[in-house]
Amino acid sequence: MSTTLRTVPSPTDAELPKEMQLKIHRLMVQGRALEERLIAMYKQGDGYFWIGGPGEEAFNVPLGLLIRKGQGPQFDYCHFHYRQSATMLAMGADPVDSIRQMKGVASDPYTGGRNFGNHYAKRAWNVCPVTSVIEVQYSFAIGTAIAQKRQGGQGITVVTGGDAGTAEGDFASCLVWASRPALELPILIIVGNNKWGISTNWEGQHGENRISERAKAFGIEAKTIDGNDPETAYKELAQAMEYVRTKRKPFMLEAMVSRLYGHSSASGANAVVDEADCLKGFEARLEKRGYLTRKQMDEMKAQYQAEFLEAHKRIRKEPMPSGSTIYDHIFQEKDLVRGE
Amino acid sequence: MANMVQAIRMALHVAEERHGVTDIFGEDVGPPLGGAFTATQGLKTAWNSPLDERGIVGASIGLGLAGCRNVAEIQFCDYAYNTIDLLKLAGMQSWASNGEFNCPMTLMTPVGSGIRGALYHSHSFDATATHIPGFKIAIPSTPREAYGLLLSCIVDPNPSMFLVPKALMRVRNLPGEEIPGEPGDDKALSKMIDAPLGDRSKWKPKWPDTPDLFIALGEARTVRQGRDLTVVSYGRTLPLCAKAAETLAGEGIEAEVIDLRSLYPIDWPRVKESIHRTGRVLFVNEDTEVTNFGEHLLRRTVEEMFYELIAPPRLLAGAFIPGIGQADPLELASVPQLPSITDAMRQLARVEP
């Protein structure tokens with residue numbers, strides 16, 4: 001399924017080291033269990049609106065493992081959309097914090113109960129505030145990448161969005177600004193293609209064969225990969241990132257992924273059965289390779305489920321933000337992003 | 001003495017030399033043009049962007065998030081309307097992240113009528129701008145004010161908008177209101193910092209040594225004191241209000257004129273104190289009158305000072321029409337002019353309680 005549109009070679013077919021496979025698997029299981037807990041909270045009326053990324057773990061976990069996290073232009077800037085929970089976990093985020101955000105409690109470290117679940121913001125890791133808007137991150141990416149291009153070094157800008165969001169003008173802005181011969185930008189432009197735009201299907205929006213083909217017109221290196229295979233995703237991401245880090249030029253990676261619980265609460269957040277489940281596929285492979293047994297994997301999932309249920313119960317008792325705080329943080333006294 | 005575009009240019013120079021501005025950018029902002037109004041000539045960090053307003057504002061936000069102080073220009077505010085959601089997002093970076101982030105960026109954009117700019121080069125932006133929380137918003141009425149307000153916008157850790165009244169781009173300071181350090185001779189200054197006609201590729205400006213001057217955002221300025229009525233304005237209509245007050249002084253009417261100059265934060269205490277003394281207030285701006293920023297000021301006046309008022313408070317604003325027509329009579333009829341402002345002030349002063 002890997003389609004090379006330009007000159008970057010495909011990675012080898014060799015499997016990832018066993019330890020890496022096990023690490024990715026564990027994070028995928030953790031990510032899935034977390035999203036299922038968030039969905040359960042929504043369905044119980046014990047959390048707010050749900051939107052997330054179950055079905056994208058095979059791509060999102062490797063992405064999180066490969067991002068160089070830190071603050072400032074020498075590290076990677078992350079302009080994520082709202083399906084990146086598994087990426088955050090792979091970067092080292094505490095899953096309990098996602099439950100806090102879903103519940104809207106004051107201790108939600110990302111927004112203090114202000115925004116939906118999976119809307120992260122973490123300055124220490126350059127994770128810029130996630131919005132519900134499906135395209136604006138592609139415009140913001142231009143600015144952080146200009147700063148990084150000027151700074152030198154190997155920090156890059158990573159921007160993620162969905163296939164539907166590519167209809168918006170900001171996606172075109174990103175392609176135009178990233179590929180100007182006078183100042184090519186180090187942006188890894190990621191499109192998670194689940195072939196849906198809420199309820200608009202692929203045929204309802206896309207005349208192009210592949211979204212990655214749009215990069216061709218701009219001279220941007222691009223690939224479409226099987227985002228349901230974590231080993232492929234890891235290797236392709238590593239190679240694409242290496243290109244962006246060292247060449248200081250953009251790369252577009254279109255990852256074909258699944259959407260296993262629909263768009264969001266808006267479409268009911270019900271499990272779908274007719275799309276490939278990346279976790280099932282990877283687990284079959286691990287079992288075949290003799291790295292894990294079915295029993296071990298079931299126990300691992302059950303352990304995370306119990307852990308998150310326990311956290312959910314605990315967080316129910318945490319205080320909600322006070323209505324008196326609504327005017328807090330409209331303005332900053334300190335220039336935090338400049339290190340004050 | 002500097003005109004307003006020269007003052008802006010000098011402020012931007014100071015900002016890139018001393019206050020860490022890394023990027024001044026937008027359409028035609030870099031060489032050779034240096035801005036549609038020449039406000040960015042000769043600046044070392046000025047560059048031309050693609051003709052893409054969403055890209056410009058997005059880049060400005062991204063630069064800000066990366067800690068790069070920057071000034072992004074939308075060439076005419078009429079073209080900022082397709083960036084409203086990006087501006088809304090800029091204004092919420094701190095709030096949405098519960099204080100994790102700030103976004104130092106300044107959006108500079110020419111506003112208002114006065115150049116026969118027809119439907120898409122005449123719009124005002126104050127009503128829209130003040131509808132976007134999280135921004136500090138300044139609008140100067142003199143070159144000195146432009147210099148000091150722009151520097152304050154730039155060093156502020158929050159997003160700011162610097163709205164430049166097109167009609168005032170070439171006005172000069174009154175004596176006594178100079179920018180410290182600027183040459184007194186107009187021609188001498190022009191020779192130093194105005195790009196020559198023709199080939200500019202080898203031209204370099206010779207900047208006068210102007211010091212920092214920060215006019216605090218949120219502090220209005222009383223342009224003229226008076227006992228009979230209060231007039232609150234900003235931008236293009238402010239000097240007209242001051243002139244009308246001069247005329248009315250000859251008729252025995254003493255108007256107090258306040259230049260709001262910072263639309264957010266608002267220096268409400270200064271406005272309120274003045275209305276408290278005069279009991280009569282006229283708000284003047286040229287944005288369309290329905291859901292006008294002046295209506296907010298009127299609402300506060302009525303709610304907080306109803307029993308202190310001698311006359312009904314008034315708003316004089318632009319007509320609520322889709323655009324401003326090009327022909328002279330159309331533009332003049334669409335937005336407040338000196339005669340209509342003078343009449344409104346006179347009528348307000350003569351209302352018998």
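On a predicted model such as this, the values are computed, not experimentally measured, just so you know. In this convention, every chain numbers its residues from 1, walking through the sequence in written order. Note on labels: chains are lettered from A, ligands numbered from 1, in written order. In view of the model being predicted, local features appear only for residues whose pLDDT reaches at least 70, and side-chain atom pairs are presented and counted only at 80 or more, with totals across whole chains, interfaces and linings using the full set of residues.

A few words now on the sheet that holds strand S6 (residues 160-165) of chain B. Residue and element names in this part refer to chain B. Two strands pair if DSSP finds at least two bridges between them. Numbering of helices and strands runs from the N terminus; a helix is a DSSP stretch of H or I covering at least four residues, while a strand is a stretch of E covering at least two. A sheet is described by the order of its strands in space; here 7 strands give the open sequence S2-S1-S3-S4-S6-S5-S10, paired in mixed fashion. Each end of this open sheet is capped by a strand with a single partner; those strands are strand S2 (46-48) and strand S10 (262-264). Direction aside, neighbouring strands of the sheet carry axes that sit 20° apart on average. Across 3 bridges, strand S1 (residues 21-26) lies against S2 in parallel orientation. Across the sheet, residue Phe 25 finds its bridge partner in S2, namely Trp 47. Together, S1, strand S3 (69-73), strand S4 (106-111), strand S5 (136-138) and S6 form the strand contacts of helix H5 (residues 143-155), whose direction differs from that of S6 by roughly 160°. Each axis is a line fitted through C-alpha atoms, taken for helices only over the stretch in contact, and angles between the N-to-C directions span 0 to 180 degrees. Residues are treated as contacting if the C-beta atoms built from their backbones sit within 7 Å of each other.

So, on to the domain arrangement of chain B. All names here are of chain B. Segmentation into domains, and thus their bounds, comes from an automatic or database assignment. When its domains are assigned, chain B resolves into domain 1 (4-193) and domain 2 (221-350). Here domain 1 and domain 2 have C-alpha centroids that lie 25 Å from each other. With 26 residues of domain 1 in contact, the opposing surface of domain 2 contributes 24 residues. Broken down by secondary-structure element, the contributors of at least two residues to the side of domain 1 that touches domain 2 are helix H4 (126-129), S5, H5 and S6. Basically, the charged four are Asp, Glu, Lys and Arg, the nonpolar ten are Ala, Val, Leu, Ile, Met, Phe, Trp, Tyr, Cys and Pro, and anything else, Gly included, counts as polar. Tallied by class, the residues present in the side of domain 1 that touches domain 2 amount to 15 nonpolar, 7 polar and 4 charged.

As a further point, take the packing of helix H1 (residues 18-43) of chain A against helix H10 (residues 294-316) of chain A. Residue and element names in this part refer to chain A. Packing of H1 against H10 brings their axes to within 9 Å, and their N-to-C directions diverge by 40°. With respect to H10, the element H1 is oriented oblique. H1 and H10 meet at a crossing whose hand is right-handed. Of H10, the residues touching H1 (which contributes Arg 26, Val 29, Gln 30, Ala 33, Leu 34, Arg 37 and Met 41) are Met 300, Lys 301, Tyr 304, Gln 305, Phe 308, Leu 309 and His 312. Split into classes, the residues belonging to the contact of H1 with H10 amount to 8 nonpolar, 3 polar and 3 charged. Angle categories are assigned with fixed cut-offs, so that under 35 degrees is roughly parallel, over 145 is roughly antiparallel, 65 to 115 is roughly perpendicular, and the rest are oblique. Helix crossings fall into two classes, left-handed where the near helix is turned counterclockwise from the far one by less than a right angle and right-handed where it is turned clockwise.

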